[in-house]
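Coordinate inspection notes
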Amino acid sequence: SDKMSDKQSAQKSAKIASGAVVCVESEIRGDVTIGARTVVHPKARIIAEAGPIVIGEGNLIEEQALIINSYPENITPDSEGVEAKTMTIGINNVFEVGCMSQALKIGDNNVIESKADLGRNMILTSGCIIGACCQVNTCEVIPENTVIFGSGCQRRVQTERPQPQTLQLDFLMKILPNYHHLKKTVKN
Amino acid sequence: MASLLQPDRVLYLVHGEKKIRSPLSTLYFCRYCSELRSLECVSHEVDSHYCPSCLENMPSAEAKLKKNRKRICNQLNENFRCANCFDCPCCMHTLSTRATNIPAPLPDDPSKTAMKKAYYLACGFCRWTSRDVGMADKSVASGGWQEPDNPHTQRINKLIEYYQQLAQREKLERDRKKLARRRPYMPLAFSQHTIHVVEKYGLGTRLQRQRPGAPITSLAGLSLKEGEDQKEINIEPAQALDEVEPLPEDCYTRPINLPEVTSLRQRLLQPDFQPAGASQLHPKHKHLLIKRSLRCRKCEHNLSKPEFNPTSIKFKIQLVAVSYIPEVRIMSIPNLRFQKECQVLLTLTNPVENITHVTLVGCEEGDPEDINSTAKVMVPTKELVLAGKDAAAEYDELAEPQDFQDDPDVVAFRKSNKIGFFIKVVPQREEDGDVTVSFKIRHDFRNLAAPIRPSEEGDAPAEAIWLTHHVELSLGPIIA
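Predicted model only: the values in this text are computed from it and were never measured.

Considerations on the overall build of chain B
Secondary structure summary: chain B contains six helices and 22 strands in total. Here the contacts in chain B between residues at least 6 apart in sequence split such that 66% fall between residues at least 24 apart. Looking at chain B as shown, the accessible area adds up to about 30800 Å², and 53% of this sits on carbon and sulfur atoms.

Structure below.
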């Protein structure tokens, strides 16, 4: 019975901070917290199935991006002994169009380029760039300022971290409300 | 099924130095020789050089002129590289120039600072920047970037000059020997030898157009060259050393910093320096690409000549086979059974504007061209008539459909310049592998490029000649 009530309380609506711009056409399911100055484009999907998702400030989540905290493949939702793990995403990250991220821990200033695919057991530190169409599904911590690129997922280390997209965020926060309705959180 | 339209299902045989079987879409048609030509029986010539990213043109004649005129070797033109564009040394993508604003003191008043633009090179693919190797930002958007100098440039240039002179001298001696021996037949022997021989020491294929019946010009050329190269170039031989630099002491104990180690490909693309560390990888100018023209080896006419402008994909001369020869394509194949007669539907398309008559003939026993067929084929015996290609046909509603009186057993359908017809196939081998059939197609061809003969009254329409091609079709596996 404890488990049942836990599951019920987890089905809250998303907690969206006041400075965030989340379009109503985006799909947000489960216990999701979104920080201030984060922009979520229409058709982006943030799905917290197997645990909550906490997203920091200043993130840019573009169209058709999928951030999902899902159950690992061999575990069914109702099996016993499954803990809900929280997915944490830091600040100033960019999730480009069509990417998919299942990584449980993402730091700051990372860029996940279009159609990239991150596995659940990855941990991104900061300044990492996962190149377009790169599928990375290893169980490791990616060191800072790593760039993964190319069809063979080659790696190199860059000397500068990617710049935070402040200009783009400011622009979007001004323009998007002119064309889309926004999701707001009911404050308790 | 799209797989039936794959180009390698239908092959045409080309009679050249080698017998080549290849799809019609890859072949050329020399309308002066009236024969099919493949890429292997034509000579490929460089038309012009262009940079693939900035699309700047550099005709090869100009590039070579610059090389000979300037005694100081202009590296950019000699190596056929673009002056403006760079390649990323890490991933070989094209580098783009980015600008940042940096505060810089005003020249008039050092105490005030104004925002000045600083430019650096960056790769959009692997995120390499010119700052990674310590190259300072430049104040101009283009033209400020220099490749590092090779310390061995002078020695290499001297060696190149010496060996070029040597090669020329050897060539003169060789040609003079040939001259002495075969004086009456000289022009032909000379031209066949020197046109396609790649000269030693990389001087490149020099195409010397020898006009038949003019032996004097070649001799004149020889004596001129002799007069020019009076100056002897001497080089010092290379010196062998006994001692080699020893390895550093921590060679085995120092931990490897993997991101700093260059890959073989990165290293070898910079043959001057071949740096082992990624912090020594400097960007190189982008290599130029060529536009190539093709020439028939027998009659020396151009078969394909692209336009000069790099942005244009059209051709000045484009004698491709699909515009002259009727094309056979496979439309549908029933289940093929061993030693059972099956009916295959093929299409024939007429590429020219006049009516074409096509006769199909099966290959005879012991035909030397028929080496791959694994099935017997019965082709229609009657002559097939193909209507001309009429671009305006679909818009012309009043046109009367031409009546060709097709035999419904042979011709399945007819649609403007295309007909579908049946052939009967009896697979003869039960093994794995595709059923292959071959036959010959004989069609009439009106040569519009034939030289204009003085005609008596009334121009007769161009004479039709009959061409025969050997065609092989790959019909797929036998279904048991």
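Structure shown, so let's carry the discussion forward.
Re the pairing of strand β12 (residues 302-306) of chain B
Residues and elements named next belong to chain B. The element β12 is extensively covered by neighbouring structure, given that four of its five residues are classed as buried. Judged from the two bridges that link them, strand β11 (residues 289-296) and β12 form a sheet pairing that is antiparallel. The residue of β12 that forms the bridge with R295 is N302. Linking β11 to β12, which pair antiparallel, is a turn of five residues; within it E300 sits at a positive phi near 60 degrees.

What to know about the packing of aromatic side chains
The tally for this structure, following the rule as stated, stands at five aromatic pairs over all chains. Centroid distance A:F149 to B:F125: 5.7 Å. Interplanar angle 80 degrees. Geometry classified as edge-to-face. Of the two residues, A:F149 is situated in strand β20 (residues 146-149) and B:F125 in the loop between β9 (113-122) and α3 (153-181); the pairing between them involves two chains. Considering the side-chain rings of B:F29 and B:F445, the 5.1 Å spacing of their centres and the 85 degrees angle between planes classify their relative orientation as edge-to-face. Residue B:F29 is found in strand β3 (residues 28-30), and its partner B:F445 is found in strand β21 (residues 434-446); the two are separated by 416 residues along the sequence. Each member of the pair, B:F29 as well as B:F445, carries the same accessibility label: buried. One aromatic cluster in this structure is built from B:F29, B:Y324 and B:F445. The lysine or arginine in question, B:R131, covers the ring of B:Y120, its NZ or CZ lying 4.1 Å from the ring centre.

Here's the deal with the sheet that holds β21(B)
Residue and element names in this part refer to chain B. The strand order across the open sheet formed by six strands is β2-β1-β22-β21-β16-β18, and the pairing between neighbours is antiparallel. Strands at the two margins of the open sheet, each flanked by one partner only, are β2 (19-22) and β18 (384-386). Across the sheet, the axes of successive neighbouring strands diverge by a mean angle of 30 degrees, strand direction being ignored. In this structure, strand β1 (residues 10-15) lies alongside β2, joined through four bridges in antiparallel fashion. The partner of L13 across the bridge, within β2, is R21.

Topic: the environment of B:S332
Residues and elements named next belong to chain B. Within the secondary structure, S332 is located in strand β14 (residues 327-332). Distance in space between the C-alpha atoms of S332 and P107 is 79 Å, their sequence separation being 225 residues. The contacts of S332, once residues within four sequence positions are left out, are L4, V344 and L345.

Re the interface of chain A and chain B
Interface extent is often summarised as the accessible area lost during association of the parts. Taken together, the contact between chain A and chain B spans 11 residues of the former and nine residues of the latter. Roughly 910 Å² is buried in total at the junction of chain A and chain B, and carbon and sulfur atoms are behind 50% of that figure. When the buried area of chain A at its contact with chain B is split by residue, A:F149, A:R156 and A:E160 rank highest and sum to 50% of it. Here B:D132 ties to A:R156 by a salt bridge, and the two come within 2.9 Å at their closest N and O atoms. Our enumeration of links across chain A and chain B arrives at four residue pairs in polar contact (both at pLDDT 80 or more). Only β20 and β21 (154-157) of chain A provide two or more residues apiece to the side of chain A that touches chain B. Taken together, the residues that form the side of chain A that touches chain B break down as five nonpolar, three polar and three charged.

A few points about the sheet that holds strand β6 (residues 45-48) of chain A
All names here are of chain A. Taken in spatial order, the six strands make up an open sheet running β3-β6-β9-β12-β15-β18, and their pairing is parallel. Two strands bound the open sheet, and with one partner strand each, they are β3 (27-29) and β18 (135-136). Sheet topology places β3 next to β6; three bridges connect them, and they run parallel. Counterpart to I28 in the pairing with β6 is I46.

A closer look at the pattern of salt bridges
The full count for this structure, using the stated rule, is 25 salt bridges over all chains. Of the charged contacts, one joins A:R45 and A:E27 as a salt bridge, the two residues approaching to 3.8 Å between their closest N and O atoms. Of this pair, A:R45 sits in strand β6 while A:E27 sits in strand β3, and the two are 18 residues apart along the sequence. The class of A:E27 is partly exposed, set by a relative accessible area of 30%. Across the salt bridge formed by B:D87 and B:K286, the nearest N and O atoms sit 2.7 Å from each other. On the criterion of sequence distance, the pair formed by B:D87 in strand β7 (residues 81-87) and B:K286 in strand β10 (residues 284-287) is long-range, its members being 199 residues apart. Of the two residues, B:D87 and B:K286, both sit in the buried class. Several salt bridges converge on common partners, so that one network encompasses A:E27, A:R29 and A:R45.

Quick notes on the rules
Residues numbered from 1 in each chain as written. Chains lettered and ligands numbered in written order. Predicted model: local features only at pLDDT ≥ 70, side-chain atom pairs only at ≥ 80, totals over all residues. Heavy atoms only, no water. Helix = DSSP H or I, 4+ residues; strand = E, 2+ residues; numbered from the N terminus. Contact = heavy atoms within 4.5 Å. Areas by Shrake-Rupley, 256 points an atom, 1.4 Å probe, with all protein chains shown as cover. Buried < 20%, exposed > 50% of the residue type's maximum accessible area, 1.4 Å probe, protein only. Pairing = 2+ DSSP bridges. Phe/Tyr/Trp six-rings, centres within 6.5 Å; stacked < 30°, edge-to-face > 60°. Lys NZ or Arg CZ within 6 Å of the ring centre and 35° of its normal. Axes fitted to C-alpha atoms, helices over the stretch in contact; angles between N-to-C directions. Buried area = accessible area lost by both parts, 1.4 Å probe. Salt bridge = Lys/Arg side-chain N within 4 Å of Asp/Glu carboxyl O. Polar contact = N/O pair within 3.5 Å; in protein donor to acceptor, adjacent residues only side chain to side chain. Nonpolar A, V, L, I, M, F, W, Y, C, P; charged D, E, K, R; others polar.

In short, geometric facts, not functional conclusions.
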